[in-house]
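An overview of the molecular structure
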2 protein chains.
Amino acid sequence: MPKIDITAVPERRGSGCPPPYDSPCATRIRRRLGEAGGIQDFGVNLMTLPPAAWSSQRHWHSHEDEFVYVLQGELTLVEDQGRTVLRAGDCAAFPKGTGNGHHLVNESSQVAVYLEVGSRHRDDLTTCSDIDLQSANSDGRFVRKDGTPHAR
Amino acid sequence: MPKIDITAVPERRGSGCPPPYDSPCATRIRRRLGEAGGIQDFGVNLMTLPPAAWSSQRHWHSHEDEFVYVLQGELTLVEDQGRTVLRAGDCAAFPKGTGNGHHLVNESSQVAVYLEVGSRHRDDLTTCSDIDLQSANSDGRFVRKDGTPHAR
C-alpha cells in the first residue's frame, strides 16, 4: 500500500548531537515518512518544532542537497546572509557544498511543522557553522573540526 | 537566498507525453521548486491538478524513488492494489522497481495541490501500466514497449 499511515510512523524526539549541543533540539520531533514508505534514495521527514526549538545546529553538507517546505506555523531561517521568516507554504533549498550553514528556529508562540527532504551520499560531511563539530556519514561519529573525538 | 520565491517559479502546463496520452494531463501545472533553489540530487515539484486532471499516465520507475505529499484538496491514488483517497496531510511513497504503476487523479470538484519528490538516475526507465509507452532517461524519447518509436 503506497499510502503511508503517518499515525503509525514512530516519533523520534531530540537530536543525536553530543551534549550540550543537543539541548536546543531536545523537543524536536522527527517522523521518517520516506523510510516508512520504503524509499531509499532520499529521506523525507515530517518535523515538528514546538516554540523555542531548533531544527538542528546550524550546518552545511558537503555532498547532500536539502529542501524544506513549511506546512504549519512560522519558522526563522538563519544562514550566512541573515534571517528570513518562513510561513506555511514557504520553502527553501540548501544546495550541497556551499559552506553556507543553515537552520530553522521556532521563535513564535505556536508549534511549527515542516517537511525536510535530503539526499544521501556516503561521502557526506556535515559541518556546523557556529560550534566546533563535524560528522561524516562514513562512520557517523561526531568530531571536532581538527578530527579529534568529541568527548561525551 | 535559500528561500524560494514560488511566485517567480515558471508554471509548466501539461505533460510531455505524445498525444493522445498527454490529454488527461493537459491542465496539470508543475512548478519546479528544487530546480529554482539550485538543488540537483532530487526534484521537488509543486503540482496543481484542477478537477478531472491526472498527475500522469499510470507508471512505475526502474531506478527512481518517488514520494508525494498532498497540500490541498483530495486526490485518488490509483495503483495495482486499488484506489485510495488522499487528502491534505496524506502522503504516499513509490519505491523504484516494484512494477506497481501509480498515478493521482482529481475526481473531486476542487483544485488539488501536492508536492512530488523524485530521485534522478541516468539508468531509469519509466514504464506505463495501462498504455504501450516507455521512456528512458538516457535519451528521453517515448517508445513502445517493443522499443519501436512512438509516432507523433
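In what follows, the structure referred to is the one given above.
The present account deals with the structure reproduced in this document.

To continue, consider the pattern of salt bridges. Inspection of every chain in the model, using the stated rule, returns 24 salt bridges over all chains. The closest approach of N and O atoms between A:Arg12 and A:Glu35, which form a salt bridge, is 3.4 Å. Residue A:Arg12 is located in strand β1 (residues 12-13), and its partner A:Glu35 is located in helix α1 (residues 33-36); the two are separated by 23 residues in the primary sequence. Residue class for A:Glu35 comes out partly exposed when judged on its relative accessible area of 46%. Where B:Glu11 meets B:Arg31, a salt bridge forms, and the shortest distance between an N and an O atom there is 2.5 Å. You can see B:Glu11 sitting in strand β1 (residues 11-13) and its partner B:Arg31 sitting in strand β2 (residues 29-32), a full 20 residues away along the chain. A relative accessible area of 45% means that B:Glu11 is categorised as partly exposed. A relative accessible area of 17% places B:Arg31 in the buried class.

This part is about the interface of chain A and chain B. Contacts between the two partners involve 40 residues from chain A, matched on the other side by 40 residues from chain B. Where chain A abuts chain B, roughly 3,000 Å² becomes buried across the two surfaces, and 69% of that area is made up of carbon and sulfur atoms. When the area that chain A buries against chain B is broken down by residue, the three leading residues are A:Pro2, A:Lys3 and A:Phe42, summing to 20%. For the pair chain A and chain B, the number of links is four salt bridges. Residue A:Lys96 pairs with B:Asp41 through a salt bridge whose shortest N-O separation is 2.4 Å. Summed over the shared surface of chain A and chain B, the result is 14 residue pairs in polar contact (both at pLDDT 80 or more). Among the secondary structure elements, those contributing two or more residues to the side of chain A that touches chain B are α1, β3 (42-49), β5 (66-72), β6 (74-79), β7 (82-87), β8 (91-94) and β10 (112-119) of chain A. Taken together, the residues that form the side of chain A that touches chain B break down as 22 nonpolar, 10 polar and eight charged.

Another point: unusual backbone geometry. The step from A:Pro19 to A:Pro20 runs through a cis peptide bond, and the omega angle for that step is 10 degrees. Assignment of secondary structure puts A:Pro20 in the loop between β1 and β2 (29-32). The backbone of B:Ala52 sits at a positive phi, close to 85 degrees, despite the residue not being glycine. Tracing the sequence through the fold places B:Ala52 in the loop between β3 (42-49) and β4 (59-61).

Further remarks concern the environment of A:Val44. As for its placement among the helices and strands, A:Val44 is situated in strand β3. Between the C-alpha atoms of A:Val44 and A:Arg141, which are 97 residues apart in sequence, the distance is 22 Å. Setting aside residues no more than four positions away along its own chain, A:Val44 makes contact with A:Arg31, A:Arg32, A:Leu33, A:Gly34, A:Leu115, A:Glu116, A:Val117 and B:Phe67.

In screw terms, the move from chain A to chain B is a rotation of 180 degrees and a rise of 0.0 Å along the axis, fitting with an RMSD of 0.0 Å. The superposition operator between the copies reduces to a two-fold rotation axis. Most of the interface of chain A is mirrored in chain B, where 100% of its interface residues again form contacts.

To continue, consider the environment of B:Pro24. All names here are of chain B. Inspection of the secondary structure assignment puts Pro24 in the loop between β1 and β2. For Pro24, a relative accessible area of 21% translates into the label partly exposed. As a C-alpha pair, Pro24 and Ile39 span 15 residues in sequence and 29 Å in three-dimensional space.

Rules behind the numbers
Residues numbered from 1 in each chain as written. Chains lettered and ligands numbered in written order. Predicted model: local features only at pLDDT ≥ 70, side-chain atom pairs only at ≥ 80, totals over all residues. Heavy atoms only, no water. Salt bridge = Lys/Arg side-chain N within 4 Å of Asp/Glu carboxyl O. Helix = DSSP H or I, 4+ residues; strand = E, 2+ residues; numbered from the N terminus. Buried < 20%, exposed > 50% of the residue type's maximum accessible area, 1.4 Å probe, protein only. Contact = heavy atoms within 4.5 Å. Buried area = accessible area lost by both parts, 1.4 Å probe. Polar contact = N/O pair within 3.5 Å; in protein donor to acceptor, adjacent residues only side chain to side chain. Nonpolar A, V, L, I, M, F, W, Y, C, P; charged D, E, K, R; others polar. Least-squares fit on C-alpha atoms with pLDDT ≥ 70 in both.

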